[in-house]
Each structure stands twice: as C-alpha cells, then as structure tokens.
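# Notes for the structure review
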Amino acid sequence: MMQRRAPFLREQELPTLLSAGAATAVLTIDLGAIARNWRRLRDLAAPAECAAVVKADAYGTGLAPVVSALLGAGCRTFFVATLGEGVSVRDLAQTADIYVLNGFFPGCAPEFCAANLRPVLGSTDELVEWASFRPAGLKPPAALHLDTGINRLGMSASALDKSDVRDLLRGVDLSLVMSHLACADEPGNPKNAAQRCVFNTARGKLPNVHASLVNSAGILLGSAYHFDLVRPGIALYGGGACPESSCEPVVRLDARIVQIRDAKPGDTVGYGAKQTLSRPSRIAIVAIGYADGYFRALGSSDQKPGASAYHGDKPLPLLGRVSMDLLAVDVTELPEGSLKRGDFIELIGPHVGIDDLASLAGTLGYEVLTALGQRSLRRYTGG
Ligand SMILES: *Cc1c(COP(=O)(O)O)cnc(C)c1O
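Every value quoted in this text rests on a predicted model; they were computed, and no experiment measured them.

Rules used in this analysis
Residues numbered from 1 in each chain as written. Predicted model: local features only at pLDDT ≥ 70, side-chain atom pairs only at ≥ 80, totals over all residues. Heavy atoms only, no water. Helix = DSSP H or I, 4+ residues; strand = E, 2+ residues; numbered from the N terminus. Buried < 20%, exposed > 50% of the residue type's maximum accessible area, 1.4 Å probe, protein only. Areas by Shrake-Rupley, 256 points an atom, 1.4 Å probe, with all protein chains shown as cover. Lys, Arg positive; Asp, Glu negative; His and termini not counted. Charge placed at Lys NZ, Arg CZ, Asp CG, Glu CD. Pairing = 2+ DSSP bridges. Phe/Tyr/Trp six-rings, centres within 6.5 Å; stacked < 30°, edge-to-face > 60°. Lys NZ or Arg CZ within 6 Å of the ring centre and 35° of its normal. Near = heavy atom within 4 Å. Polar contact = N/O pair within 3.5 Å; in protein donor to acceptor, adjacent residues only side chain to side chain. Nonpolar A, V, L, I, M, F, W, Y, C, P; charged D, E, K, R; others polar. Contact = heavy atoms within 4.5 Å. Axes fitted to C-alpha atoms, helices over the stretch in contact; angles between N-to-C directions. Parallel < 35°, antiparallel > 145°, perpendicular 65-115°, else oblique. Left-handed = near helix turned anticlockwise from the far one by under 90°. Salt bridge = Lys/Arg side-chain N within 4 Å of Asp/Glu carboxyl O. Right-handed = clockwise from strand over helix to strand, strands pointing away.

### Structural notes on the overall build of the protein
In terms of helices and strands, the protein carries 12 helices and 21 strands. The C-alpha extent of the protein, read off along each of the three principal axes, is 75 × 45 × 35 Å. Relative to its full complement of 383 residues, the protein shows a buried share of 52%. When the accessible surface of the protein is summed, it comes to about 17300 Å², and 52% of that surface belongs to carbon and sulfur atoms. Looking at charge distribution, the protein has the averaged site of its 38 positive side-chain charges lying 1 Å from that of its 38 negative ones.

Here is the structure:
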C-alpha cells in the first residue's frame, strides 16, 4: 500500500519550502529530546535493558528519523505492532533485535524470518505454527506473551503448567517472555502488584529466558517491575507517564493563518452556528482541522469554551467548531497588525502540551500524537 508522507526535512531546508507556500501546518519533532528521554529511561531502568516502542510510525513522529536517533542514543531492541512496521525497522537497523507485538497471522512465519523479526507469540495456535517452522533446520527466536490480567494478548500464565504447552516450548528458541500491565499509570492500583506476582512466578518456570513486564508508566513503579528489559513508548515522545522532571516535550505544532476577518456582536462563527460573538471581534482563520489530527472535540461553543492557540505568550481561544481543514481563533486582544495572513501560531508547544490538549478533548496524549503528522509537514530538529 502506498503511503503519502510529508518529506523528511532537515531544519535548514524548511524556509525554501515555506516560501513556496508548501506548508500549512508544521509538526516539529525534536530528535535530541527523544534521545535524551531514552537515555533518562535507560538510566532509570538500569541494570535492566531499555528498549524502545516505535509502533504506529513512532507514535506519529516518523519511524525513520526516530529509529536513527534512538540507535544513536544506544538503543538496540525495538518493539513494533505489525510485520510491516518490523520490516521498515529492519531496513533502518540491521543488527537490532526487533519484536512484533501483535503476533503473527497464519502463513506469515517465512516473512518474519526473511527480515529476522521476532514474533511475540500470544496463543497456543501461534506457538504451534512457530514451533513447526524450521527454516534450514533452525529454530528462529521468538518471544512469548503471557497474560497476567489485562485480557488482551497473551496466553494465560497458567498455561505454562500444561504439558502440551511445555512440549511446544521446547521446540521454540525463546529470547523473551513478556507481559503487560493494565493499570501501570495508576501507581496505587493493587492490580499492578498482583500482575507482577503472577508474572514473577511464571517467568520462574522459564529459567534463562529474559523477562519484560513494563511500558513507560511501569518503569516508574520501581525496580521490582523492571526485570531484564523495559519497553517505553509514550515517555520517549514526551507524553503521558513520565513525570515532568524527567521527561522532555518532543513535538510542537504550528499552523498558518489563511485570513483575518472582522465580525460584529451577534454574528456566529463556524458550522452549526454554535458560537455567538458578544463583542466586535477579529478572527483568524487557521489552516488546520480534524483531518490534520486536531480533534473536533477541541472546538468551542457558547456552552463550553474550547482549546486555545498561542501567539507568543498570548492565548488565542478557539471560536466555534473545528472543521476538517480549518479552525477559527479569536485575535481581538492582540494589537492590530501583530498577526497577518501567512503567519504561524502555536497549537502545541511550550504553552500547550500534548497531554493538556488530550484532556481537553477527553482522550490521551497517545491519541493526540498518533493522529498528528499525517498531513502536516514534519520538521526535525536536534538530530
Ligand atoms: C504500546 C506498548 C508498550 C509501550 O507503552 P507506553 O505506554 O507507550 O510506554 C509496551 N508494551 C506493549 C505490549 C505495548 O503494546
């Protein structure tokens, strides 16, 4: 499937394109911050190994530049969700260990093997198929996913007591046994300790196999949760779990003003006429909308204010609904002429974090990040 991507740009290449009018919105990704976040997590998790989860196009930040930044920082193990993502990482990282979290579909074992990818086997059916796959008589490595309470992927931890499963496992070169916490972002939740306990018992039945339990939030639960390898995703990209003290923001999003218009009290703004102006207003129409990953839930109405954009330190509240490709912000408070057609304003950045925006939209930083960058021009700094 062909995928249309914003070109991989270096910072200095940007002005040429901008002056050609190519960009309406720019997603700036700080590769230096990603590398620093990875090193902080590595230090927090040591002596456990720190891997990196780069599924979903590195959470929307761009697989190729992110994988090269992480390789530069010292990362040697990557996790992706799908076979296709694994093949892309292999092209970028010839010697890395690459795990494919979503297991594999019937008949795909040769494709895993061709790219030297390790499936994370999560059911007896997958185990049977992988165990019977012997290219050139070899046993290619794989991981085993045990379910310890999330009921998503993985075999029940108690399956390790069944003799047929034990027999099957003898036919597989297991390089990792892993599980996943359901409530890692709630440090006080007793489910964390309960899952850890089940996992600890299970991994004891697989001596000499490396073990991995936690994602970003789980790293912060302490060393008892780290086992041999940790699997951070969101914290690398500046979101969610990581406390502000230890994790830097990575992305900023700026979008361009298409036009500035004046409107009078009693006028409404946008689809559905959900926002009525109470004063003479100056409105900037900005070239970004929900098709760019700026959620419609961030819009404003007379009943409920929405998100704000920023010009310098000045908030510019949204007016009315977010449309597919456009939104409106109130620039009445700015001195006349301080913004003009073609200027950029901040939608995510020093004043608006991805998690702030997410909570306004009733979602998570994960969803904000993965929704962005499909259409915006991506600009990389700090690489
Ligand atoms: C996505 C994922 C991770 C990474 O989670 P974050 O919360 O982004 O750190 C780790 N492990 C598994 C199994 C995952 O699916």
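So, next bit.
### Digging into the pairing of strand β16 (residues 281-286)
Counted residue by residue, β16 has 6 buried out of 6 residues, so it is predominantly covered. Alternating residues of β16 divide into Ser-281, Ile-283 and Ile-285 and Arg-282, Ala-284 and Val-286, and every residue in both groups is buried. In this sheet, β16 lies alongside strand β13 (residues 251-263) in antiparallel orientation, the contact comprising 6 bridges. Looking at the pairing, Ile-257 lines up with Val-286 of β16.

### Structural notes on the packing of aromatic side chains
In this structure the tally under the stated criterion is 8 aromatic pairs. Both rings, one in Phe-79 and one in Tyr-99, keep their centres 5.1 Å apart while their planes meet at 20°; by these two values the pair is stacked. A residue pair is termed long-range when its members are at least 10 positions apart, and Phe-79 in strand β5 (residues 77-80) and Tyr-99 in strand β6 (residues 97-100) qualify at 20 residues. Here Phe-79 and Tyr-99 have matching classes, each one buried. Judged by centre distance (5.6 Å) and plane angle (70°), the ring pair of Phe-104 and Trp-130 falls under edge-to-face. Of this pair, Phe-104 sits in the loop between β6 and α6 (109-114) while Trp-130 is found in helix α7 (residues 124-131), placing the two residues 26 residues apart along the sequence. Overall, Trp-130 belongs to the buried group, its relative accessible area being 2%. The cationic tip of Arg-196 hangs over the ring face of Tyr-225; the distance from NZ or CZ to the ring centre is 5.7 Å.

### Here's the deal with the site of the ligand
Neighbouring residues of the ligand: 14 residues in total, closest Lys-55, Tyr-59, Ser-216, Ile-234 and Tyr-366. Contact between the ligand and Lys-55: an oxygen atom at 2.7 Å from a side-chain N or O atom of the residue. Asn-215 places a side-chain nitrogen or oxygen 3.0 Å from an oxygen atom of the ligand. The protein chains hide 93% of the 390 Å² of surface that the ligand would expose on its own. By residue class, the composition of the shell around the ligand is 7 nonpolar, 4 polar and 3 charged.

### Things to note about the environment of Ile-150
The topology assignment puts Ile-150 in the loop between β8 (141-147) and β9 (155-156). Given the relative accessible area of 25%, Ile-150 is considered partly exposed. The spatial distance from the C-alpha of Ile-150 to the C-alpha of Arg-40 is 28 Å, given a sequence separation of 110 residues. Sequence-distant contacts of Ile-150, defined by excluding residues within four places in its chain, comprise His-180, Leu-181, Ala-182 and Gln-195.

### Let's talk about the packing of helix α4 (residues 63-73) against helix α5 (residues 83-92)
Interhelical geometry of α4 versus α5 gives an angle of 50° and a closest axis separation of 10 Å. Here α4 is positioned oblique relative to α5, judged by the angle of their axes. The handedness of the crossing between α4 and α5 comes out as right-handed. In this structure, α4 uses Leu-63, Ala-64, Val-67 and Leu-71 to contact α5, whose residues at the interface are Glu-85, Ser-88, Val-89 and Leu-92.

### As for the pattern of salt bridges
Once their charged atoms are close, side chains differing in charge can pair, the charge on each being opposite to the other. Per the counting criterion, the structure on display carries 17 salt bridges. Here Asp-43 makes a salt bridge to Arg-42, at a shortest N to O gap of 3.1 Å. Overall, the relative accessible area of 52% leaves Asp-43 in the exposed class. Here Arg-282 makes a salt bridge to Asp-262, at a shortest N to O gap of 3.7 Å. Of the two residues, Arg-282 is situated in strand β16 and Asp-262 in strand β13; the sequence distance between them amounts to 20 residues. A single network of salt bridges, built from pairs that share partners, joins Asp-30, Arg-36, Arg-40 and Glu-248.

### Points about the pairing of β6
Bridging between β5 and β6 involves 4 bridges; their strand directions are parallel. In the strand pairing of β6, Thr-77 is matched with Asp-97. Chirality of the crossover, the property in question, places the unit of β5, α5 and β6 among those that are right-handed. In the sheet, β6 pairs with strand β7 (residues 118-121) via 2 bridges, with the strands oriented parallel. Residue pairing in the sheet places Tyr-99 in a bridge with Arg-118 of β7. Between the parallel elements β6 and β7, the chain passes through α6 in a crossover that is right-handed.

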